[in-house]
Amino acid sequence: MTVFEIQKGNSPVILAFPHTGTDLPAEVWDRLNDNGRLLADTDWHIHDLYAGLLKDATTVRAAFHRYVIDANRDPHGNSLYPGQNTTGLIPQTDFDGKSIWKEGAEPTETDVMARLESFHSQYHAALSAQIERVKAVHGLAVLYDCHSIRSHIPFLFEGTLPDFNIGSNSGASCALEFERVTAEVAGYAAGYTSVVNGRFKGGWTTRHYGKPADGIHAIQMELAQSTHLATEAVPFAYDSEKADKLRPHLKTILERLEKVAYELKAMGNE
């Protein structure tokens, strides 16, 4: 099965999609219970939502589902949010804390090691290669990690999630200007709510790659699925009317990030 999909571009901006894939090997599908087979924790339609918004951006998308292995988790299994409910490298439960595996068919440590090699490491090798390619051209690279999640999940957070959840690892994963322009566009988007480094500060991708001193800037956008889905439940259908309202704001964010990147590039060449 296909592990990842790449579209190469010449922009300094790279879009990563670690959680939109729905492919599962047969042996993984066979071990999921009925709840797991809903694939409810997918970042539904996010690659479609961003399609065509930034001309010449590079995209790297994991084709496999996060229940195979989560491409946005630390390969060593360390928690992103110690002390808070979350899901692991190979999730044992869904975002509601409910089991996704048939009894006795839960993933083993052997499964973890095999899937790290066959999926997780391959996706990140591809992403790393594109970051290095883009950085070689521009002297820097901007990694924008694309995510979505249901707006109301009591197991993970209280209340209702804002529409735009911007994560920069508390400012450590990118130059301040990238965080600022993203927050500015989201903050001025009429009818939407936003937060910077709230419940979601950036996953392993953002934290691992974001090294501003080395010219690699990473920022995560976690969108509430209520902004672009007809309903945050099965069948998780894409709502074109909602999406058409949201897409201009996302386009502006990406264009502003690209503009800042070119400005920094120009300053570096002076």
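Structure first, text after, so check above.
Residues numbered from 1 in each chain as written. Predicted model: local features only at pLDDT ≥ 70, side-chain atom pairs only at ≥ 80, totals over all residues. Heavy atoms only, no water.

**Q** Sorry if this is basic, but what is going on with the overall build of the protein here?
**A** A count of helices and strands for the protein gives 6 helices and 7 strands. A globule of 270 residues ought to have a C-alpha radius of gyration of about 18 Å, and the protein, at 18 Å, matches this closely. Within the span of the protein, comprising 270 residues, buried residues form 52% of the whole. The long-range fraction of contacts in the protein, counting pairs at least 24 apart against all pairs at least 6 apart in sequence, stands at 78%. Taken as a whole, the protein presents about 11500 Å² of accessible surface, with 52% of it coming from carbon and sulfur. Taking the 25 positively charged and 35 negatively charged side chains of the protein as two groups, their mean positions are separated by 3 Å. (Helix = DSSP H or I, 4+ residues; strand = E, 2+ residues; numbered from the N terminus. Rg over C-alpha atoms; globule rule 2.2 N^0.38 Å. Buried < 20%, exposed > 50% of the residue type's maximum accessible area, 1.4 Å probe, protein only. Contact = heavy atoms within 4.5 Å. Areas by Shrake-Rupley, 256 points an atom, 1.4 Å probe, with all protein chains shown as cover. Lys, Arg positive; Asp, Glu negative; His and termini not counted. Charge placed at Lys NZ, Arg CZ, Asp CG, Glu CD.)

**Q** Which parts of the structure should I look at to understand the sheet that holds strand 7 (residues 216-224)?
**A** Backbone-to-backbone hydrogen bonds pair the strands of a sheet. The strands run either parallel or antiparallel. Pairing is mixed across the open sheet formed by 7 strands, whose spatial order is 1-3-2-4-7-5-6. Among the strands making up the open sheet, the edge pair consists of strand 1 (4-7) and strand 6 (194-196). On average, adjacent strands in this sheet sit at an angle of 15° to one another, irrespective of strand direction. Across 9 bridges, the pairing between strand 4 (residues 141-149) and strand 7 is parallel. Bridge pairing links Ala141 to Ile216 in strand 7. Against the sheet, helix 3 (residues 109-138) touches strand 1, strand 2 (13-17), strand 3 (58-62), strand 4 and strand 7, its axis set at about 175° to strand 3. (Pairing = 2+ DSSP bridges. Axes fitted to C-alpha atoms, helices over the stretch in contact; angles between N-to-C directions.)

**Q** Is there a simple way to think about the environment of Ala63 in this case?
**A** Secondary-structure assignment places Ala63 in the loop between strand 3 and helix 3. Linking Ala63 and Ala186, residues 123 residues apart in sequence, is a C-alpha distance of 28 Å.

**Q** I would appreciate a short explanation of the nonpolar core in the present structure.
**A** One recurring pattern in soluble globular proteins: nonpolar side chains tend to sit buried together. Ranked by internal contacts, the top residues of the largest apolar core, which has 34 residues, are Phe64, Tyr123, Leu127, Ile131 and Leu143. Mapped onto this core, the elements with two or more residues apiece are strand 2, strand 3, helix 3, strand 4 and strand 7. For this core, the element with the highest residue contribution is helix 3, accounting for 7 residues. Each residue touching Ile131, except ones within four places of it in the same chain, is listed here: Ile14, Ala141, Leu143, Tyr209 and Ile216. Leu15, Ile166, Val181 and Leu254 belong to the second largest nonpolar core, which has 33 residues in total. (Core = buried A, V, L, I, M, F, W, Y, C linked by side-chain atoms within 4.5 Å.)

**Q** Is there a simple way to explain the pairing of strand 7 in this structure?
**A** The element strand 7 is extensively covered by neighbouring structure, given that 9 of its 9 residues are classed as buried. Neither face of strand 7 is open: one carries Ile216, Ala218, Gln220, Glu222 and Ala224, the other His217, Ile219, Met221 and Leu223, and all of them are buried. As judged from the 4 bridges shared by strand 5 (residues 164-167) and strand 7, these two strands associate in the antiparallel manner. Bridging across to strand 7, Phe164 finds its partner in Leu223.

**Q** Explain the pattern of salt bridges here, please?
**A** A pair can form between side chains of opposite charge whenever their charged atoms are brought close. A full pass over the atoms with the stated rule returns 14 salt bridges. Where Arg73 meets Asp70, a salt bridge forms, and the shortest distance between an N and an O atom there is 3.6 Å. Residue Arg73 shares its accessibility class with Asp70, and that shared class is buried. Across the salt bridge formed by Lys251 and Glu255, the nearest N and O atoms sit 3.1 Å from each other. Separated by 4 residues within a single helix, Lys251 and Glu255 lie in helix 6 (residues 240-268), roughly one turn from each other. Residue class for Glu255 comes out partly exposed when judged on its relative accessible area of 34%. One continuous salt-bridge network, built from bridges that share partners, spans Glu27, Arg31, Asp111 and Arg115. (Salt bridge = Lys/Arg side-chain N within 4 Å of Asp/Glu carboxyl O.)

**Q** It is not clear to me how unusual backbone geometry should be interpreted in this structure. Could you clarify?
**A** Going from Val234 to Pro235, the amide bond is cis rather than trans, its omega being 10°. Note that Pro235 resides in the loop between strand 7 and helix 6. Positive phi outside glycine occurs at Leu39, with the angle close to 55°. Tracing the backbone shows Leu39 in the loop between helix 1 (26-31) and helix 2 (46-50). We note that Asn197 has phi near 55°; this positive angle belongs to a residue other than glycine. Looking at where Asn197 falls in the secondary structure, it is placed in the loop between strand 6 and helix 5 (204-209).

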